[in-house]
Amino acid sequence: MLSWTWCIPALPLAGFLVLAVLGGRLPRAATATIGAGSVFLSFAAAAAAGASFLASPPAGGSFTYVLWQWITAGSFSPSLSFTIDALSVVMMLVVTGVGFLIHLYSTRFMADEEGYSRFFAYMNLFVGSMLILVMASNLLLLYLGWEGVGLCSFLLIGFWYKDPENARSARKAFIVTRIGDVSLAIGLFLLVTTLGTLEVKEIAQKAAAQWQTGSTLAVAVAALLLGGAVGKSAQLPLQTWLPDAMAGPSPVSALIHAATMVTAGVYLIARTNALFILAPPVQLAVGIIGAAGVLLAGMSALTQRNIKRVLAYSTMSQLGYMFLALGIGAWSGAIFHLVTHAFFKSLLFLGGGVLILAMNHEHDIYAMGGLAKKSPFTFWMFLIASLTLAAIPPTTAGFSSKDLILALAWQSGGAGRVFWALGLAGVFVTSVYIFRLVFIVFAGPPRAEVHGHGHAAGKNGQQAGPVMGIPLAILAALCLGGGLLALPHDLGGSPYILSFLNTALPAGSIPETPLRTEWILQVVSEAASLLGIPVAWLVYRRSRTAPAAAAAAATPGQVAPAARLPAVARFLQSGWGFDWLYDAVFVRPFVWIAKVNVRDVVDRIVADGVGGLLMLLSRAVRWTQNGRVRWYAAGLAAGAALIVAAVVLL
Amino acid sequence: MASIPYELGLLLAGVLFAIGGVGVITRRNLLMILLCVEVMLNAAGLAFIVGGSRWGQADGQVMFIFLISMAAAEVAVGLALLLLHFGRSRTLDADALKASERSPSAPEAVGDER
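Calculation criteria
- Residues numbered from 1 in each chain as written.
- Chains lettered and ligands numbered in written order.
- Predicted model: local features only at pLDDT ≥ 70, side-chain atom pairs only at ≥ 80, totals over all residues.
- Heavy atoms only, no water.
- Helix = DSSP H or I, 4+ residues; strand = E, 2+ residues; numbered from the N terminus.
- Buried < 20%, exposed > 50% of the residue type's maximum accessible area, 1.4 Å probe, protein only.
- Areas by Shrake-Rupley, 256 points an atom, 1.4 Å probe, with all protein chains shown as cover.
- Phe/Tyr/Trp six-rings, centres within 6.5 Å; stacked < 30°, edge-to-face > 60°.
- Axes fitted to C-alpha atoms, helices over the stretch in contact; angles between N-to-C directions.
- Parallel < 35°, antiparallel > 145°, perpendicular 65-115°, else oblique.
- Contact = heavy atoms within 4.5 Å.
- Nonpolar A, V, L, I, M, F, W, Y, C, P; charged D, E, K, R; others polar.
- pLDDT = per-residue confidence, 0-100.
- Pairing = 2+ DSSP bridges.
- Buried area = accessible area lost by both parts, 1.4 Å probe.
- Salt bridge = Lys/Arg side-chain N within 4 Å of Asp/Glu carboxyl O.
- Polar contact = N/O pair within 3.5 Å; in protein donor to acceptor, adjacent residues only side chain to side chain.
- Lys, Arg positive; Asp, Glu negative; His and termini not counted.
- Arc of directions from axis to C-beta.

### Looking at the overall build of chain B
Here is step 1: If you tally the helices and strands in chain B, you get four helices and zero strands.
Here is step 2: Here chain B, with 114 residues, has 27% of them falling under the buried criterion.
Here is step 3: Surface exposure of chain B reaches about 7600 Å², of which carbon and sulfur atoms provide 71%.

### A few points about the packing of aromatic side chains
All names here are of chain A.
Here is step 1: Overall, the coordinates contain 21 aromatic pairs over all chains when judged by the stated rule.
Here is step 2: Here the aromatic rings of Phe 119 and Phe 120 are separated by 5.4 Å at their centres, their planes lie at 90 degrees, and the arrangement is edge-to-face.
Here is step 3: Ring centres of Phe 382 and Phe 442 lie 5.4 Å apart, and the angle between their planes is 50 degrees; on these two criteria the pair is classed as tilted. Of the two residues, Phe 382 is situated in helix H17 (residues 376-389) and Phe 442 in helix H19 (residues 415-442); the sequence distance between them amounts to 60 residues.

### A few points about the packing of helix H1 (residues 7-22) of chain A against helix H2 (residues 28-55) of chain A
Residues and elements named next belong to chain A.
Here is step 1: One can describe the packing of H1 onto H2 by two numbers: an axis separation of 8 Å at closest approach and a directional angle of 175 degrees. The angle between H1 and H2 falls in the class roughly antiparallel. Along the contact surface, H1 presents Cys 7, Ile 8, Leu 11, Pro 12, Gly 15, Val 18 and Leu 19, while H2 presents Thr 31, Ile 34, Gly 35, Ser 38, Leu 41, Ser 42, Ala 45, Ala 46 and Ala 49.
Here is step 2: Taken together, the residues of the contact of H1 with H2 sort by class into eleven nonpolar, five polar and no charged.

### Topic: the confidence of the model for chain A
Here is step 1: Confidence in the prediction for chain A averages 84 pLDDT; 94% of positions are at 70 or higher.
Here is step 2: The low-confidence segment residues 548-563 of chain A, where pLDDT is below 50, has 29 contacts with residues more than four positions distant or belonging to other chains.

### Some thoughts on the pairing of strand E2 (residues 79-85) of chain A
Residue and element names in this part refer to chain A.
Here is step 1: For E2, a buried count of seven out of seven residues is recorded, marking the element as mostly surrounded by other parts of the structure.
Here is step 2: Neither face of E2 is exposed, since Ser 79, Ser 81, Thr 83 and Asp 85 on one face and Leu 80, Phe 82 and Ile 84 on the opposite face are all buried.
Here is step 3: Two strands pair when backbone bridges link them, and strand E1 (residues 62-69) and E2 are joined in this way by seven bridges, in the antiparallel orientation. Residue pairing across strands places Gln 69 opposite Ser 79, the latter belonging to E2.

### Re the interface of chain B and chain A
A common way to express how large an interface is: the accessible area buried when the components associate.
Here is step 1: Tallying the contact residues gives ten residues for chain B and eight residues for chain A.
Here is step 2: Counting each side, the surface lost to burial between chain B and chain A is near 730 Å², with a carbon and sulfur contribution of 57%.
Here is step 3: It is Ile 25, Asp 95 and Lys 98 of chain B in chain B that bury the most area against chain A; as a group they hold 70% of the surface buried on that side.
Here is step 4: Across the contact surface, chain B and chain A share zero salt bridges.
Here is step 5: In this structure, the connection of chain B to chain A is made through three residue pairs in polar contact (both at pLDDT 80 or more).
Here is step 6: A per-element tally of the side of chain B that touches chain A places helix H1 (residues 6-26) of chain B first, with three residues.
Here is step 7: Of the residues in the side of chain B that touches chain A, the class split is five nonpolar, one polar and four charged.

### Considering the side chain of Lys 402 of chain A
All names here are of chain A.
Here is step 1: As for its placement among the helices and strands, Lys 402 is situated in helix H18 (residues 397-412).
Here is step 2: It turns out Lys 402 is buried and unbridged, and the closest side chain with the opposite charge, Asp 403, is 7.6 Å from it.
Here is step 3: For Lys 402, the residues in contact, after removing those within four places along its chain, are Gln 318, Tyr 321, His 337, Leu 389, Ala 391, Val 427 and Thr 430.

### Let's talk about the packing of helix H5 (residues 139-157) of chain A against helix H6 (residues 164-195) of chain A
Each pair of packed helices can be summarised by the angle the axes make with each other and by the distance between the axes.
All names here are of chain A.
Here is step 1: Contact pair H5 / H6: the axes reach a minimum separation of 8 Å and the direction vectors enclose 170 degrees. Between H5 and H6, the angle falls in the class roughly antiparallel. Every residue of H6 that contacts H5 at Leu 139, Tyr 143, Trp 146, Glu 147, Gly 150, Leu 151, Phe 154 and Ile 157 is listed here: Asn 166, Ser 169, Ala 170, Arg 171, Ala 173, Phe 174, Arg 178, Asp 181, Leu 184, Ala 185, Leu 188 and Leu 191.
Here is step 2: When the residues that make up the contact of H5 with H6 are grouped by side-chain class, the tally is 13 nonpolar, three polar and four charged.

### Side note on unusual backbone geometry
Here is step 1: At the junction of Leu 236 of chain A and Pro 237 of chain A, the peptide bond is cis and its omega measures out at 0 degrees in the coordinates.
Here is step 2: Tracing the backbone shows Pro 237 of chain A in the loop between helix H8 (216-232) and helix H9 (241-244).
Here is step 3: Of note in this structure, Ala 391 of chain A is not a glycine but carries a positive phi near 60 degrees.
Here is step 4: Within the secondary structure, Ala 391 of chain A is located in the loop between H17 and H18.
Here is step 5: Phi at Arg 90 of chain B takes a positive value of approximately 55 degrees, unusual for a residue other than glycine.
Here is step 6: Tracing the sequence through the fold places Arg 90 of chain B in the loop between helix H3 (59-89) and helix H4 (107-113).
Here is step 7: By relative accessible area, Arg 90 of chain B is classed as exposed at 62%.

### Structural notes on helix H7 (residues 200-210) of chain A
Residues and elements named next belong to chain A.
Here is step 1: Within H7, burial applies to Val 200, Ile 203 and Ala 207. Projected down its long axis, H7 shows its buried positions confined to an angular sector of 50 degrees, all on one face. The exposed set on the far side of H7, more than 90 degrees from its buried face, consists of Gln 205, Ala 208 and Ala 209.

Structure, rendered in structure tokens:
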């Protein structure tokens, strides 16, 4: 019934193959059609799968089918098999739906770039890998997708590889996430050696049967999986790569570093929830990491002056909310926030991309300003996304999901109350940083020329034309209406998506929120959000004068050197000094050791020993190659004589 | 008809082959080398004939005819190469081929390196 769903990841992968092989030979229109079309077909297939799933849910709420046996090694035989359940259906729809909108947007956004087909080949490979990740029924196949998206992230961050700084950012992202990936791999090894399987369902059953809650093994496995999740989702302490990942093109940031790949960690924890339920300390750690991430990243976002870095820190902060929800066992709440976050954050990035193009690749927000009049459409789109991010009605998406998480945190009691307080502070900070951004970019007098003014789409930089505008409008509609999937009870909503997700995820033990409590919590968090707007206005008024002068001197495409900031702001701007810390603790000692140890034992054996031996041998036989034909003929004759003699005598 | 013992025929073939081989190795003149190669080919052909008569089969003679035609082709190509070489380096010395033809535009340099 659903066993045709293999084509959902296969379509983008086929698109990747075609683009990778034919590449530059295709005209741009064909490249765009293949790139975006394959993802659209994949979305159509995912929608059909979702409809078929809803119409006739399979027994047990999940359908697993095996395409073929992947590896057989003794009793360990992982298969290439996919699971279709509520969780994977929701993830598939998000990945392909948002992915298609971003592909469509990219056909215009990247139109003037070199490497057009390379871009779409990578993007298609990414979507295919991400779909494998979310559809895999066992953790080994999930790991394949996990590494695939990591590779695409690396390739796309370094898309403009001619600038060494971009290549450095790509390497940093790859290496830092690799630390998490290694942790995840060790976790998988541990699962294979102890439980003998990587099938998610079997793991859940066997672990529950064999391990006691809080046993060492359960805690170790859950902690190792968490290590992988924090690496991919840019949470503490492996968060340093995400702000630098903004070196890639804006659609890449929207798709990979906001909507989909960075949420893979959240998905992993939700998928293996059985292991985390068995390891309460680790689950608590998930919540702590999330709550800390909400505030730390949010406060860093307050002082950034690169528009994309603001959004990057915002992404880390929002992922913190998802981790917080996972930490209190609100599995479906975390996934719901993942979905709404995909809507509003990709809208923010795509809107930001329009501005960046219009400003001729200017990233410095202090060089922008007054754009509300110049780009009214983008302004409204960006405003809708900002309101959604700050969870302010009339947008419903962020409002429903964030308030749901906060209400559940409050209801879960104990540490949950602390998480609620931190989350509430995060709501305020979120509102301040995003409206600071909105005011600086859109309010006041314009500070620089805007290209492509008017209706005509210019060659370099333009207002959002229809190809870029339609994805923005659709995403804005999703921001406005996405919350209807699970509007709070007191507003007469019904948690459609939550009950749907609960067919695949455990419902959790959090007591139902009474209507009164729900009301009060909503009013409190709305107050925090709304309070953020005037505070942001004050911040904007104060910062409007001084940095503007510095920005005037800045060259386009580059962020002007930081104007004189107080030490605290500089500290926040550097992301709480984590880069500095890691540089001092890991990078520099490592480089030092490498330098000191250039000629160690291995080098002496390999380089001098093996190399020297080969040099000797080569000297011994080199004289035979003297270029004399007759000498070679003699060699041939001698060899033939030797062989004949050997045949005759032996 | 008195027949020659086949051992003698094979011995003759072997001796001819060895003489030809030694000639190829020791001669420096390319023309002589080609001639020696012909001697070796004919030694092989003789071995075919002797073998064919020993076993009373026509295959040996078939192979010899094939060998003659092949030798003709080989000589045509070999002589053409030889002429080309002579045209370039004004010598038939096989050792002059050593490190030769580095750049076709400067054939004179080749002679000097010898």
